[in-house]
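The residues making up each chain are set out below.
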Amino acid sequence: MTAAPLLQADGLAVRFGGVLAVDGVSLAVAHTGTTSIVGPNGAGKSTLFNMLSGTVRPSAGRVRLAGSDITGRRIETFANLGIARKFQTPSVFDRLSVRDNLLIAEGARECAADALGIDAILQLLDLASQQNSAAGNLAHGQKQWLEIGMALAARPRVMLLDEPTAGMGPEETSKTAELVGELATHFAIVVIEHDMAFVHAMACRTLVMHRGKVIADGAFTDIEHDPLVRDVYLGRR
(Lines give C-alpha, C1' and ligand atoms only; values in the text may rest on other atoms or scores of the structure.)
Protein backbone atom coordinates (compact mmCIF):
# COMPACT_ATOMS: atom_id res chain seq x y z
CA MET A 1 0.00 0.00 0.00
CA THR A 2 1.40 3.40 -1.03
CA ALA A 3 1.73 5.88 1.82
CA ALA A 4 -0.21 9.13 1.56
CA PRO A 5 1.94 12.10 0.51
CA LEU A 6 3.16 14.53 3.13
CA LEU A 7 2.87 17.64 0.93
CA GLN A 8 0.35 17.78 -1.86
CA ALA A 9 -0.52 20.46 -4.40
CA ASP A 10 -3.63 20.05 -6.54
CA GLY A 11 -4.11 22.19 -9.62
CA LEU A 12 -2.23 25.24 -8.32
CA ALA A 13 -2.55 28.35 -10.42
CA VAL A 14 -1.86 32.04 -9.84
CA ARG A 15 -2.30 35.17 -11.94
CA PHE A 16 -0.36 38.40 -11.66
CA GLY A 17 -2.42 40.92 -13.57
CA GLY A 18 -3.13 39.25 -16.88
CA VAL A 19 -0.21 36.83 -16.64
CA LEU A 20 -0.85 33.21 -15.62
CA ALA A 21 2.45 32.55 -13.82
CA VAL A 22 1.58 29.01 -12.69
CA ASP A 23 -1.06 27.03 -14.53
CA GLY A 24 -2.60 23.92 -12.96
CA VAL A 25 0.45 22.38 -11.29
CA SER A 26 -0.07 19.27 -9.17
CA LEU A 27 2.60 17.68 -7.02
CA ALA A 28 2.75 14.96 -4.36
CA VAL A 29 5.79 14.80 -2.07
CA ALA A 30 6.58 11.78 0.11
CA HIS A 31 7.63 12.01 3.77
CA THR A 32 11.29 11.52 2.84
CA GLY A 33 13.31 11.82 -0.35
CA THR A 34 14.09 14.53 -2.88
CA THR A 35 12.07 16.02 -5.71
CA SER A 36 13.81 18.34 -8.16
CA ILE A 37 12.10 21.08 -10.16
CA VAL A 38 13.93 22.42 -13.21
CA GLY A 39 13.07 24.66 -16.13
CA PRO A 40 14.04 27.89 -17.85
CA ASN A 41 13.90 31.25 -16.11
CA GLY A 42 10.33 32.50 -15.91
CA ALA A 43 8.88 28.99 -15.90
CA GLY A 44 7.06 29.56 -12.61
CA LYS A 45 9.30 27.52 -10.31
CA SER A 46 9.85 30.13 -7.59
CA THR A 47 6.21 31.20 -7.80
CA LEU A 48 5.24 27.59 -7.14
CA PHE A 49 7.51 27.66 -4.07
CA ASN A 50 5.79 30.87 -2.98
CA MET A 51 2.46 29.05 -2.95
CA LEU A 52 3.87 25.95 -1.24
CA SER A 53 5.35 28.12 1.54
CA GLY A 54 2.36 30.41 2.05
CA THR A 55 4.00 33.54 0.61
CA VAL A 56 1.47 33.77 -2.22
CA ARG A 57 -2.14 32.65 -2.12
CA PRO A 58 -3.09 30.63 -5.22
CA SER A 59 -5.82 31.87 -7.54
CA ALA A 60 -6.94 28.27 -7.88
CA GLY A 61 -6.02 24.87 -6.46
CA ARG A 62 -5.25 23.56 -2.99
CA VAL A 63 -2.19 22.91 -0.82
CA ARG A 64 -2.36 20.09 1.71
CA LEU A 65 0.07 19.02 4.41
CA ALA A 66 -0.44 15.54 5.89
CA GLY A 67 -3.95 15.58 4.45
CA SER A 68 -4.96 18.93 5.98
CA ASP A 69 -5.92 21.77 3.66
CA ILE A 70 -3.66 24.74 4.45
CA THR A 71 -4.45 26.82 1.37
CA GLY A 72 -4.54 30.54 2.07
CA ARG A 73 -3.33 30.31 5.65
CA ARG A 74 -0.75 32.75 7.00
CA ILE A 75 2.92 32.25 6.12
CA GLU A 76 3.70 31.79 9.85
CA THR A 77 1.24 28.89 9.92
CA PHE A 78 3.04 27.18 7.04
CA ALA A 79 6.34 27.62 8.91
CA ASN A 80 4.95 26.44 12.23
CA LEU A 81 3.49 23.36 10.57
CA GLY A 82 6.96 22.43 9.35
CA ILE A 83 7.45 23.90 5.87
CA ALA A 84 10.88 25.57 5.78
CA ARG A 85 12.25 27.48 2.82
CA LYS A 86 15.75 28.44 1.73
CA PHE A 87 15.82 31.28 -0.79
CA GLN A 88 18.18 31.46 -3.76
CA THR A 89 20.24 34.31 -2.33
CA PRO A 90 21.65 33.59 1.16
CA SER A 91 19.88 35.78 3.74
CA VAL A 92 21.99 35.07 6.80
CA PHE A 93 22.63 37.64 9.53
CA ASP A 94 26.14 38.73 8.53
CA ARG A 95 27.08 40.40 11.81
CA LEU A 96 25.97 37.50 14.00
CA SER A 97 27.99 34.36 14.57
CA VAL A 98 27.28 31.21 12.64
CA ARG A 99 25.94 29.60 15.82
CA ASP A 100 23.69 32.55 16.62
CA ASN A 101 22.19 32.37 13.12
CA LEU A 102 21.17 28.78 13.84
CA LEU A 103 19.86 29.66 17.29
CA ILE A 104 17.66 32.41 15.84
CA ALA A 105 16.28 30.00 13.24
CA GLU A 106 15.61 27.43 15.95
CA GLY A 107 13.66 29.96 18.03
CA ALA A 108 11.45 28.53 20.73
CA ARG A 109 10.38 25.48 18.77
CA GLU A 110 10.08 22.26 20.71
CA CYS A 111 12.65 19.67 19.71
CA ALA A 112 11.47 16.21 18.76
CA ALA A 113 13.35 13.39 20.40
CA ASP A 114 15.17 12.60 17.16
CA ALA A 115 15.69 16.23 16.06
CA LEU A 116 19.19 17.42 15.27
CA GLY A 117 20.60 19.85 17.84
CA ILE A 118 22.65 22.92 16.93
CA ASP A 119 25.97 21.12 17.54
CA ALA A 120 24.94 18.27 15.26
CA ILE A 121 23.86 20.71 12.55
CA LEU A 122 27.21 22.51 12.75
CA GLN A 123 29.01 19.19 12.33
CA LEU A 124 26.76 18.21 9.42
CA LEU A 125 27.48 21.51 7.67
CA ASP A 126 31.23 21.26 8.39
CA LEU A 127 31.00 24.66 10.13
CA ALA A 128 31.75 23.65 13.72
CA SER A 129 35.22 25.20 13.60
CA GLN A 130 33.68 28.54 12.49
CA GLN A 131 30.65 28.59 14.75
CA ASN A 132 31.84 31.69 16.63
CA SER A 133 32.87 33.58 13.49
CA ALA A 134 30.62 36.22 11.94
CA ALA A 135 28.47 34.70 9.22
CA GLY A 136 29.47 37.54 6.92
CA ASN A 137 33.03 36.18 6.88
CA LEU A 138 31.98 32.84 5.40
CA ALA A 139 32.65 31.97 1.78
CA HIS A 140 29.62 32.04 -0.53
CA GLY A 141 29.16 28.28 -0.53
CA GLN A 142 29.39 28.16 3.26
CA LYS A 143 26.67 30.81 3.50
CA GLN A 144 24.48 28.60 1.33
CA TRP A 145 25.12 25.69 3.70
CA LEU A 146 24.41 27.88 6.72
CA GLU A 147 21.05 28.86 5.29
CA ILE A 148 20.24 25.19 4.71
CA GLY A 149 21.22 24.69 8.35
CA MET A 150 18.88 27.51 9.39
CA ALA A 151 16.02 25.78 7.60
CA LEU A 152 17.03 22.57 9.34
CA ALA A 153 17.15 24.27 12.76
CA ALA A 154 13.50 25.25 12.29
CA ARG A 155 12.58 21.54 12.74
CA PRO A 156 11.01 21.09 9.31
CA ARG A 157 8.91 18.33 7.89
CA VAL A 158 9.39 19.70 4.36
CA MET A 159 12.40 21.69 3.13
CA LEU A 160 12.01 23.88 0.04
CA LEU A 161 15.49 24.70 -1.32
CA ASP A 162 15.68 27.33 -4.06
CA GLU A 163 18.91 26.90 -6.05
CA PRO A 164 21.11 25.69 -3.18
CA THR A 165 24.18 25.47 -5.44
CA ALA A 166 23.87 28.93 -7.04
CA GLY A 167 27.34 30.47 -7.35
CA MET A 168 29.17 27.31 -6.28
CA GLY A 169 32.09 25.58 -7.95
CA PRO A 170 32.12 21.85 -8.77
CA GLU A 171 33.57 20.76 -5.41
CA GLU A 172 31.04 22.75 -3.38
CA THR A 173 28.22 21.53 -5.63
CA SER A 174 29.25 17.91 -5.06
CA LYS A 175 29.39 18.46 -1.32
CA THR A 176 25.96 20.09 -1.38
CA ALA A 177 24.54 17.11 -3.25
CA GLU A 178 25.91 14.83 -0.52
CA LEU A 179 24.40 17.07 2.18
CA VAL A 180 20.97 17.19 0.56
CA GLY A 181 21.08 13.44 -0.05
CA GLU A 182 21.76 12.85 3.64
CA LEU A 183 18.97 15.20 4.74
CA ALA A 184 16.54 13.51 2.35
CA THR A 185 16.77 10.30 4.37
CA HIS A 186 15.04 12.19 7.20
CA PHE A 187 12.91 14.87 5.55
CA ALA A 188 10.91 15.67 2.44
CA ILE A 189 13.01 17.94 0.24
CA VAL A 190 11.94 19.84 -2.87
CA VAL A 191 14.75 21.55 -4.81
CA ILE A 192 14.70 24.14 -7.56
CA GLU A 193 17.97 23.92 -9.44
CA HIS A 194 19.64 24.94 -12.71
CA ASP A 195 22.86 22.96 -12.17
CA MET A 196 22.25 19.73 -14.08
CA ALA A 197 25.30 18.08 -12.50
CA PHE A 198 23.61 18.52 -9.14
CA VAL A 199 20.25 17.23 -10.39
CA HIS A 200 21.94 14.24 -12.02
CA ALA A 201 23.81 13.48 -8.78
CA MET A 202 20.55 13.54 -6.82
CA ALA A 203 19.10 10.84 -9.12
CA CYS A 204 15.58 11.68 -8.01
CA ARG A 205 12.15 12.40 -9.39
CA THR A 206 12.35 15.54 -11.50
CA LEU A 207 9.64 17.88 -12.74
CA VAL A 208 10.26 20.17 -15.69
CA MET A 209 8.29 23.42 -15.81
CA HIS A 210 7.79 25.67 -18.81
CA ARG A 211 5.47 28.67 -19.06
CA GLY A 212 3.79 27.80 -15.78
CA LYS A 213 3.04 24.18 -16.59
CA VAL A 214 4.68 20.84 -15.80
CA ILE A 215 5.75 19.40 -19.15
CA ALA A 216 7.60 16.34 -17.83
CA ASP A 217 7.67 14.36 -14.58
CA GLY A 218 9.86 11.35 -13.91
CA ALA A 219 13.36 10.11 -13.21
CA PHE A 220 16.01 12.55 -14.45
CA THR A 221 17.66 9.82 -16.51
CA ASP A 222 14.36 9.47 -18.40
CA ILE A 223 13.36 13.10 -18.84
CA GLU A 224 16.81 14.24 -19.99
CA HIS A 225 16.17 12.28 -23.20
CA ASP A 226 12.63 13.65 -23.68
CA PRO A 227 12.60 15.59 -26.99
CA LEU A 228 10.30 18.31 -25.63
CA VAL A 229 12.47 18.82 -22.54
CA ARG A 230 15.60 19.03 -24.65
CA ASP A 231 13.92 21.52 -26.95
CA VAL A 232 12.62 23.93 -24.29
CA TYR A 233 15.34 23.58 -21.67
CA LEU A 234 18.20 21.09 -21.74
CA GLY A 235 19.05 21.75 -25.37
CA ARG A 236 19.65 25.38 -24.54
CA ARG A 237 22.24 24.64 -21.89
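Source: prediction; values computed, not measured. (Residues numbered from 1 in each chain as written. Predicted model: local features only at pLDDT ≥ 70, side-chain atom pairs only at ≥ 80, totals over all residues. Heavy atoms only, no water.)

Looking only at helices and strands, one finds 9 helices and 10 strands in the protein. By the compact-globule yardstick of 18 Å for 237 residues, the protein fits well, its C-alpha radius of gyration being 17 Å. The principal-axis extent of the C-alpha atoms belonging to the protein is close to 50 × 45 × 40 Å. Of all 237 residues assigned to the protein, the portion counted as buried reaches 49%. Of all intrachain contacts in the protein linking residues separated by at least 6 positions in sequence, the fraction that spans at least 24 positions is 68%. (Helix = DSSP H or I, 4+ residues; strand = E, 2+ residues; numbered from the N terminus. Rg over C-alpha atoms; globule rule 2.2 N^0.38 Å. Buried < 20%, exposed > 50% of the residue type's maximum accessible area, 1.4 Å probe, protein only. Contact = heavy atoms within 4.5 Å.)

To continue, consider the pairing of strand S2 (residues 19-29). Judged from the 8 bridges that link them, strand S1 (residues 7-16) and S2 form a sheet pairing that is antiparallel. Opposite glutamine 8, over in S2, you have alanine 28 as the bridge partner. A loop of 2 residues connects S1 with S2, the two strands running antiparallel in sequence, and glycine 17 in this loop sits at a positive phi of about 65 degrees. (Pairing = 2+ DSSP bridges.)

Pairing in this open sheet of 4 strands is antiparallel, and the strands run S2-S1-S4-S5 from one edge to the other. Each edge of the open sheet is held by one strand with a lone partner, namely S2 and strand S5 (68-69). Each of S1, S2 and strand S4 (60-65) touches helix H1 (residues 45-52); the most contacted strand, S1, lies at about 120 degrees to it. (Axes fitted to C-alpha atoms, helices over the stretch in contact; angles between N-to-C directions.)

Here we take up the packing of helix H3 (residues 98-106) against helix H5 (residues 140-153). Two elements in contact, H3 and H5, have axes whose closest approach is 7 Å; the angle formed by their N-to-C orientations is 35 degrees. Crossing of H3 over H5 shows right-handed handedness. Of the residues in H5, those touching H3 at Val98, Asn101, Leu102, Ala105 and Glu106 are Leu146, Gly149, Met150 and Ala153. A breakdown of the residues in the contact of H3 with H5 according to their chemical character gives 6 nonpolar, 2 polar and 1 charged. (Left-handed = near helix turned anticlockwise from the far one by under 90°. Nonpolar A, V, L, I, M, F, W, Y, C, P; charged D, E, K, R; others polar.)

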